[in-house]
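# Residue-level structural notes
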Amino acid sequence: MKSVIDKKASVQDINHLTGDITGSCSTKRFLFLQGPITPFFKQIADRLEKAGCQCFRINLCFGDWLSWRGRPSTEYRGRARDWPNYIEAYLRENKITDLILLGEQRYYHKVAIALARQLDIQVVTTDFGYLRPDWITLERNGMSANSEFPKTAKDIFRVAENLPPADFSPKYTDSFIRQVFWDVQYHLLSSAFRLLYPAYRSHQIHHPVKVYLGTGMRLLLSRLYRERKAQNTISDLLISAQPYIVFPLQMQNDFQIRAYSKYSGIEPAIDEVIRSFAINASSGMKLVVKIHPLDPGLISWRRVCQKIARRYSVANRVLYIDGGCLDKLLDNCSGVVTINSTVGIWALRKLKPICVLGESIYS
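Figured I'd write up the structure that's included with this text. Please read these numbers as outputs of a predicted model, since none were measured by experiment.

### Side note on the environment of Arg218
- By secondary structure assignment, the location of Arg218 is in helix α8 (residues 208–240).
- Given the relative accessible area of 6%, Arg218 is considered buried.
- Spatially, the C-alpha atoms of Arg218 and Leu115 are 42 Å apart, while their sequence positions differ by 103 residues.
- Excluding residues that lie within four positions of it along the chain, Arg218 makes contacts with Arg226, Ile291, His292, Pro293, Leu294, Asp295, Pro296, Gly297 and Asp322.

### A short note on the pattern of salt bridges
- Within this structure, the stated rule accounts for 12 salt bridges.
- In this structure, Asp98 and Lys28 form a salt bridge, with 3.4 Å as the shortest nitrogen-oxygen distance. Taken as a pair, Asp98 in strand β5 (residues 98–102) and Lys28 in the loop between α1 (11–22) and β2 (29–32) lie far apart in primary sequence, 70 residues in all.
- Between Glu49 and Arg71 there is a salt bridge, and its shortest N-O distance comes to 2.8 Å. Residue Glu49 is located in helix α2 (residues 40–50), and its partner Arg71 is located in the loop between α3 (62–68) and β4 (74–75); the two are separated by 22 residues in the primary sequence.
- On the basis of relative accessible area, Glu49 is assigned to the partly exposed category, the value being 35%.

### With respect to the nonpolar core
- Ranked by size, the top nonpolar core spans 28 residues in total, and within it Leu31, Leu33, Ile58, Trp83, Ile87 and Leu99 carry the most contacts.
- Once residues within four sequence positions are removed from consideration, Ile58 is found in contact with Leu31, Phe32, Leu33, Thr74, Tyr76, Trp83, Tyr86, Ile87 and Tyr90.
- Within the second largest apolar cluster, 26 residues are counted, among which are Val273, Met285, Val304 and Val318.

### Observations concerning the pairing of strand β9 (residues 286–290)
- When you tally the buried positions in β9, you get 5 out of 5 residues, the bulk of the element.
- By the alternation rule, side chains of β9 split into Lys286, Val288 and Lys290 and Leu287 and Val289, which are all buried.
- Pairing analysis gives 5 bridges linking strand β8 (residues 244–248) to β9, with the strands arranged parallel. Looking across to β9, one finds that Pro248 is bridged to Lys290.

### Quick notes on the packing of aromatic side chains
- Across all of its chains, the model carries 12 aromatic pairs by this definition.
- Relative to Trp68, the ring of Phe32 has its centre 5.4 Å away and its plane inclined at 45°; by these criteria the two rings are tilted. Separated by 36 residues along the polypeptide, Phe32 in strand β2 and Trp68 in helix α3 bring together distant segments of the chain. Both residues of the pair, Phe32 and Trp68, belong to the buried class.

### Some points on the side chain of Thr125
- Within the secondary structure, Thr125 is located in strand β6 (residues 122–127).
- For Thr125, a relative accessible area of 0% puts it in the buried group.
- Those residues in contact with Thr125 that sit more than four places away from it in its chain are Leu101, Glu104, Ile113, Thr137, Leu138, Glu139, Gly142 and Met143.

### Points about α8
- With 33 residues, α8 should reach 48 Å at 1.5 Å per residue; the first-to-last C-alpha distance of 42 Å falls well below that figure.
- Where α8 is concerned, the buried positions are Pro208, Gly214, Thr215, Arg218, Ser222, Ala230, Ile234 and Leu237.
- Residues of α8 that are buried make contact with α7 (176–192), β8, β9, β10 (318–321) and α12 (326–332).
- Positive backbone phi, at 60°, marks Ala241, one or two positions downstream of α8.

### Observations concerning the environment of Gly358
- With respect to the helices, strands and loops of the structure, Gly358 is situated in the segment after β12 (354–356).
- For the pair Gly358 and Thr338, spaced 20 residues apart in sequence, the C-alpha to C-alpha distance is 7.8 Å.
- When near neighbours in sequence (up to four residues on either side) are disregarded, Gly358 contacts Tyr260, Ser261, Thr338, Ile339 and Asn340.

### What to know about the sheet that holds β10
- Across the sheet, 5 strands lie side by side as β10-β9-β8-β11-β12; this open sheet has parallel pairing. Both edges of this open sheet fall to β10 and β12, since each of them pairs with a single strand only. For this sheet, the mean inter-axis angle between neighbouring strands, taken without regard to orientation, is 20°.
- Here β9 pairs with β10 via 4 bridges, running parallel.

### A short note on the side chain of Glu104
- Along the chain, Glu104 falls in the loop between β5 and α5 (107–118).
- One buried charged residue, Glu104, forms no salt bridge at all, with the nearest opposite charge on Arg117 at 4.6 Å.
- Looking at Glu104, its side chain comes within polar contact range of the side chain of Asn146, at 3.4 Å.
- In this view, Glu104 contacts His109, Lys110, Ile113, Thr125, Asn141, Gly142, Met143, Asn146 and Tyr260; residues no more than four positions away in its chain are not counted.

### Considering the pairing of strand β7 (residues 136–140)
- Within β7, 4 of the 5 residues are buried, which leaves the element mostly enclosed by the surrounding structure.
- The pairing of β6 with β7 spans 4 bridges and is classified as antiparallel. Across the sheet, the residue bridging to Thr125 is Glu139, located in β7.

Analysis parameters
Residues numbered from 1 in each chain as written. Predicted model: local features only at pLDDT ≥ 70, side-chain atom pairs only at ≥ 80, totals over all residues. Heavy atoms only, no water. Helix = DSSP H or I, 4+ residues; strand = E, 2+ residues; numbered from the N terminus. Buried < 20%, exposed > 50% of the residue type's maximum accessible area, 1.4 Å probe, protein only. Contact = heavy atoms within 4.5 Å. Salt bridge = Lys/Arg side-chain N within 4 Å of Asp/Glu carboxyl O. Core = buried A, V, L, I, M, F, W, Y, C linked by side-chain atoms within 4.5 Å. Pairing = 2+ DSSP bridges. Phe/Tyr/Trp six-rings, centres within 6.5 Å; stacked < 30°, edge-to-face > 60°. Expected span 1.5 Å × (residues − 1). Axes fitted to C-alpha atoms, helices over the stretch in contact; angles between N-to-C directions. Lys, Arg positive; Asp, Glu negative; His and termini not counted. Polar contact = N/O pair within 3.5 Å; in protein donor to acceptor, adjacent residues only side chain to side chain.

Honestly, it's all geometry; don't read function into it.
Take a look at the structure:
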């Protein structure tokens, strides 16, 4: 696993990354597909070309073109069913040696990865990754369940023997406003200029307008009263000194749920956790369900949790929190239940017991 670059990357960091990817070879031919909704891939391509490599890009929607503008690219405006033949021909004709993309479960990426493996093309997958908030993770051949990260404690300790202590100090500060600007620009303009890519099939579950309106309303309500209510709930919980388990929810559209877990969505996971809690937890234990801070609010997870908690007769022991300080919750909890959230690594650093329900590198 190589995690070396931040969303707000410096020139030195990009040089470090590109040097690691290219090594001494200047005959590499990189194809970039969809990446982070930032200029990140464009910056990487600039540095790779300075190192003597050739870089190619296929844009699948207007947002892809926007984040790559100023560099040569190819526009794919064909149908999804024609993509396999198109991308195979492209890989062969351009003699691609390396394929770089964000995530591996989007339809277009899955097809490209399968063909790349047949053609002996190196695949590098990237995401905002396991170490948040200021690291982007890049891995050869896959992430999460497909990661080549060691799978046993013995192998992990062996790899760690000759490494210095981990440096957990923040390297960069994130800008929520900048991230929102890039995200909204990408998705709304892709929708507005859909006629330029009429057959594009997005991996998103909900239309971006619904997502932004829902998220905006949630954030507004949080500022008005939800955040204060969540903080009060956490304070009351800590004052009571009752033991509790934390269950942080993930996003419904997250491929960590859709591809790397057995669940069809969040609700079946909530049902399983609350049912197990009702059967196995001591009568003095509470379960704290915390919503993802960027959940768009298109589903009322509060109602879902309350309904399931009543079904298993533990409504008075299940707390639902929309906001509040996760760090404070983790500091004082008895353990964490997660599908495969990066909160799991956060909890590990705090030496908390974790129950992992999905596939993850730390399970």
